[in-house]
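The residues making up each chain are set out below.
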Amino acid sequence: MIQFQGVSKIFNSKNKEIRAVENVTLNVGRGEIYGVIGFSGAGKSTLLRLVNLLERPTGGKVIVNDQDVTSISARDLRKLRRRIGMIFQTFNLFNSRTVYGNVAYPLKLARVPRAQIRERVTELLRFVGLEDKAEQYPEQLSGGQKQRVGIARALATSPDILICDEATSALDPETTGEILKLLKKVNEEYNITILLITHEMHVIRSICDRVAVMENGAVIEEGTVFDIFAHPKQQATKNFISSVQNDKLSPKLLDILKQHHSGRLYRIIFKGGTTGEPVLSQAAKKYDIDFNVVYGSINELQGQLFGSLIVEFTGSDAEIANVVRELERTVELWEVVDHES
Ligand SMILES: Nc1ncnc2c1ncn2[C@@H]1O[C@H](COP(=O)(O)OP(=O)(O)O)[C@@H](O)[C@H]1O
Ligand SMILES: [Mg+2]
């Protein structure tokens, strides 16, 4: 549905090259909710803006619906943009237009007859739960309601793709949850492919099917949300994941753990059928070490069990290395040497 093929975007500002996006290759499948996560400045917004050519790539290809967006005519580009809705962190509504006027706007631009506009806007306002707010102005609405208007407006021209730039980052946690639920409904009921970017791992965990992690313009890791949670490889990914575990290690907590535990601390991720204790006790029998579960949690993720434990190993370095090697065959683990930011 959306393919990035070795895509780069370099900005030249004041004789300085800024490599905002570097050699990104990604495939977003039809009907997916695909998330891109990264810190501020990672290149996420630039990547999104390449999809509807708000930015033109300086290298590689962006293919949307089998069309190479960089080589289509201005007329086809206008058509393509109607197939791609977009929502923003700051909502970007017209303050001088009513809710109705905001949602009707893209249809007016597309010269849709007035009666059809009325029908479509009414349907969309019902879909986003704002049918009673049609005549209000944006400043009379809460943040969550504004984003509902943003979503209705983005859906006005019946797109197949919705791109979301930090759509919930300006909202409180409860409203964020409601908007994410609405996006899930957009995906399921209208069968719209969603590409979203965020700096918050809980957004990825709650609605995405797949995720890419971006750092300094590049995608450093990519996969299903479950696999990324179960087998994170890059440090940045591990940090994003710990940020949503209830057992995140703060500097203070790590200090306390180290005071009470003289062995070496490891985080162990287990999933599906593998539960923590049997795997650990088998390994402990085989090698000359002791283990002690210090801290942990079990959650459900995409319909599967997902757990995370902090375990203390005591024994010689060589024996601990043996146990770690053994455990690596069935679970993901890494030594906790620092707090998890
Ligand atoms: N129009 C622009 N001109 C120059 N530099 C830009 C422009 N847009 C973005 N950048 C730079 O590109 C990098 C990536 O920015 P952005 O895509 O906005 O990241 P993110 O959305 O992940 O925070 C940043 O260093 C940013 O300053
Ligand atoms: Mg951004």
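Thresholds, definitions, all that
Note that residues are indexed from 1 along each chain, following the sequence as it is written. Ligands are numbered from 1 and chains lettered from A, in the order in which they are written. Residues qualify for local features only when their pLDDT is at least 70, as the model is predicted, and side-chain atom pairs are given and counted only at 80 or more; totals for whole chains, interfaces and linings, by contrast, use all residues. Derived side-chain values reflect all non-hydrogen atoms in the structure, with water molecules and hydrogen atoms excluded from consideration. A pair of strands counts as paired when DSSP detects no fewer than two bridges linking them. Helix and strand assignments come from DSSP, with helices taken as H or I runs of at least 4 residues and strands as E runs of at least 2, each series counted from the N terminus. Lines are fitted to the C-alpha atoms to define the axes, a helix being fitted only along its stretch in contact, and any angle between axes, read from their N-to-C directions, falls within 0 to 180 degrees. Here a residue is considered near a molecule or strand provided that any single heavy atom belonging to it is located within 4 Å of it. Polar contact is defined as a pair of N or O atoms within 3.5 Å, subject to the rule that within protein one atom must be able to donate a hydrogen and the other to accept it, and that residues adjacent in sequence are counted only when both atoms are side-chain atoms. Surface accessibility in these figures is a Shrake-Rupley result with a 1.4 Å probe; residues are shielded only by whichever protein chains are displayed. For this scheme, ten residues count as nonpolar: Ala, Val, Leu, Ile, Met, Phe, Trp, Tyr, Cys and Pro. Four count as charged, namely Asp, Glu, Lys and Arg, and the remainder, Gly too, count as polar. The split of the chain into domains comes from an automatic or database domain assignment. The contact rule is simple, with two residues in contact once any of their heavy atoms fall within 4.5 Å. Two parts placed together each lose some accessible area; with a 1.4 Å probe, that loss summed over both constitutes the buried area. In what follows, salt bridge is the name for a side-chain nitrogen of Lys or Arg lying within 4 Å of a carboxyl oxygen of Asp or Glu. What counts as a ring pair is set by centres within 6.5 Å for rings of Phe, Tyr and Trp (its six-membered ring), and what kind of pair is set by the plane angle: stacked under 30 degrees, edge-to-face over 60, tilted for all other angles. Only Lys NZ and Arg CZ are tested; either one counts as a charge over a ring when it is within 6 Å of the ring centre and within 35 degrees of the ring normal. The set of buried Ala, Val, Leu, Ile, Met, Phe, Trp, Tyr and Cys residues whose side-chain atoms join them within 4.5 Å is what this entry labels a nonpolar core. When accessible area is computed with a 1.4 Å probe and restricted to protein chains, residues below 20% of their type maximum are described as buried, those above 50% as exposed, and intermediate ones as partly exposed. The predictor attaches a confidence to each residue, and that confidence, scored 0 to 100, is pLDDT. Here, patches come from residues exposed beyond 30% relative accessible area and free of salt bridges, joined within 9 Å for like charges and within 5 Å for nonpolar side chains (Val, Leu, Ile, Met, Phe, Trp, Tyr). Under the convention used here, Asp and Glu are negative, Lys and Arg are positive, and both His and the chain ends fall outside the count. Taken as the charge location is NZ of Lys, CZ of Arg, CG of Asp or CD of Glu.

**Student:** Just give me the short version of the sheet that holds strand E13 (residues 304–315), but keep the residues and values in it.
**Tutor:** Reading across from one edge, E12-E13-E11-E14 is the order of the 4 strands in this open sheet, with antiparallel pairing throughout. The sheet terminates laterally at strand E12 (289–301) and strand E14 (332–335), the two strands that pair on one side only. For this sheet, the mean inter-axis angle between neighbouring strands, taken without regard to orientation, is 20°. Where E12 lies against E13, 12 bridges are found, and the strand directions are antiparallel. Following the sheet pairing, Gly296 is matched in E13 by Leu309.

**Student:** Now, about the site of ligand 1: what can you tell me, with residues and values included?
**Tutor:** Around ligand 1, the neighbouring residues are Phe11, Ile18, Ala20, Phe39, Ser40, Gly41, Ala42, Gly43, Lys44, Ser45 and Thr46. One of the backbone N or O atoms of Gly43 is found 3.0 Å from an oxygen atom in ligand 1. Within the side chain of Ser45, a nitrogen or oxygen atom sits 2.8 Å from an oxygen atom of ligand 1. Here ligand 1 loses 62% of its free accessible area of 560 Å² to cover by the protein chains. With 3 residues, the top contributor of residues to the shell around ligand 1 is helix H1 (residues 44–49). Per-class residue counts for the shell around ligand 1 are 5 nonpolar, 5 polar and 1 charged.

**Student:** Tell me what's going on with the domain arrangement of the chain, and back it up with residues and numbers.
**Tutor:** One can read the domain layout of the chain as domain 1 (2–243) and domain 2 (246–339). A separation of 37 Å is found between the C-alpha centroids of domain 1 and domain 2. In this complex, domain 1 contributes 13 residues to the contact, which on the side of domain 2 involves 11 residues. Between domain 1 and domain 2, a total of about 1200 Å² is buried, with carbon and sulfur atoms accounting for 64% of that surface. Taken together, domain 1 and domain 2 are joined by 0 salt bridges. Along the contact surface separating domain 1 from domain 2 lie 1 residue pair in polar contact (both at pLDDT 80 or more). Residue assignment for the side of domain 1 that touches domain 2 shows that the elements contributing at least two residues are helix H8 (225–230) and helix H9 (235–242).

**Student:** Explain the pattern of salt bridges residue by residue, including any values.
**Tutor:** Using the criterion set out here, one finds 14 salt bridges in the structure. The residue Glu188 makes a salt bridge to Lys184 at a minimum N-O spacing of 3.9 Å. Residue Glu188 and its partner Lys184 are both found in helix H6 (residues 173–189); the two are separated by 4 residues, about one turn of the helix. Beyond isolated ion pairs, a larger network of salt bridges with shared partners links Lys9, Arg49 and Glu55.

**Student:** Outline the packing of aromatic side chains, listing residues and values.
**Tutor:** The full count for this structure, using the stated rule, is 4 aromatic pairs. The ring centre of Phe94 lies 5.1 Å from the NZ or CZ of Arg97, which sits over that ring.

**Student:** Which residues make up the nonpolar core, and what are the values?
**Tutor:** In terms of nonpolar packing, the biggest core is built from 56 residues, with Ile151, Leu162, Leu183 and Ile194 touching the most fellow members. Counting contributing residues per domain, this core is built from domain 1 (2–243) and domain 2 (246–339), each supplying no fewer than three. Setting aside residues no more than four positions away along its own chain, Ile151 makes contact with Ile87, Val128, Ile179, Leu182, Leu183 and Val186.

**Student:** Run through the pairing of strand E2 (residues 16–28), naming residues and quoting values.
**Tutor:** Of the pairings in the sheet, the one linking strand E1 (residues 2–13) to E2 comprises 9 bridges and is antiparallel in character. Its bridge partner being in E2, Lys9 is matched across the sheet by Val21. Here E1 folds back onto E2, and the loop between the two strands holds 2 residues, one of which, Lys14, carries a positive phi near 50°.

**Student:** Report on the confidence of the model for the chain, specifying residues and quantitative values.
**Tutor:** For the chain, mean pLDDT is 91; residues scoring 70 or higher make up 96% of the total. Of all the helices and strands in the chain, helix H11 (residues 276–286) carries the lowest mean pLDDT, 80, while strand E3 (residues 33–37) carries the highest, 98.

**Student:** I'd love a proper account of a positive patch on the surface, names of residues and values included.
**Tutor:** On the surface, a cluster of positive charge is contributed by Arg75, Arg78, Lys79 and Arg82. The topology assignment puts Arg78 in helix H2 (residues 74–82).

**Student:** So what's going on with the sheet that holds strand E4 (residues 59–64)? Residues and values would help.
**Tutor:** In space, the 4 strands of this open sheet follow the order E2-E1-E4-E5, with antiparallel pairing throughout. Where the open sheet ends on each side, the last strands, each with one partner, are E2 and strand E5 (67–68). Of the pairings in the sheet, the one linking E1 to E4 comprises 5 bridges and is antiparallel in character. Opposite Ile2, over in E4, you have Val64 as the bridge partner.

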